[in-house]
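Listed below are the residues making up each chain.
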Amino acid sequence: AQGFVTAVQGGGTRITAAADQLDSALARLVRSNRNNLHDLAEVRANLEVWAARRAAERATPEQQIELQQLCREMRQQADSAQTLAELDLRFHLLLADATQNQLFRILLTPLIEQLQGHFLSMWEGYGSRPLERVFRQHEALADAIQNGNPEKARKLMSKHLAYSGE
């Protein structure tokens, strides 16, 4: 409806607008009414549950290794909420890449970026026990993807997003 993608007869779908144009529309939406942030998080959560399942089916060995490395890096950076928020964002964007669906990554990136402040607030609010729980959730999700278990990855992502309030 907004002209970001067009259907090409016999050729699938083509992206006709840059992600920054979509980002701009989302930014305006969120700025116009902060309640829209909750709606945005709700849409993103549903998309990411699908993405976790798809990533478990399609992630490359390199992506599986990178997810594991991000989990280790998060543990090493436990004293920096800013760094944890950045690593968390990278983790979720890598999951999007692991779906092997380029359109999904283009659509998800601006959604997550609009929630970037939420990522930082979330990490700043965790104490040591909740922090450990979030680390274990990311690690279990990375393991499910590495083991090619789509249903487990789906369930783990759903629980993770419900726990972290994303």
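Here's a quick rundown of the structure. (Residues numbered from 1 in each chain as written. Predicted model: local features only at pLDDT ≥ 70, side-chain atom pairs only at ≥ 80, totals over all residues. Heavy atoms only, no water.)

### Regarding the packing of helix α2 (residues 35–58) against helix α4 (residues 81–98)
One way to put it is that α2 packs onto α4 with a least axis distance of 8 Å and a crossing angle of 60°. The angle between α2 and α4 places the two elements in the oblique class. Every pair of crossing elements has a handedness; the one defined by α2 and α4 is left-handed. Every residue of α4 that contacts α2 at Arg44, Glu48, Arg54, Ala55 and Arg58 is listed here: His92, Leu95 and Ala98. (Axes fitted to C-alpha atoms, helices over the stretch in contact; angles between N-to-C directions. Helix = DSSP H or I, 4+ residues; strand = E, 2+ residues; numbered from the N terminus. Parallel < 35°, antiparallel > 145°, perpendicular 65-115°, else oblique. Left-handed = near helix turned anticlockwise from the far one by under 90°. Contact = heavy atoms within 4.5 Å.)

### Section: the pattern of salt bridges
What the rule picks out here adds up to 8 salt bridges. The salt bridge involving Arg75 is made with Glu132; its shortest N-O contact spans 2.7 Å. You can see Arg75 sitting in helix α3 (residues 61–76) and its partner Glu132 sitting in helix α7 (residues 128–146), a full 57 residues away along the chain. Linking Arg136 and Glu132 is a salt bridge whose minimum nitrogen-to-oxygen distance equals 3.8 Å. Linking Arg136 with Glu132, this pair stays in helix α7, spanning 4 residues, or about one helical turn. Overlapping salt bridges bring together Arg75, Glu132, Arg136 and Glu139 as one network. (Salt bridge = Lys/Arg side-chain N within 4 Å of Asp/Glu carboxyl O.)

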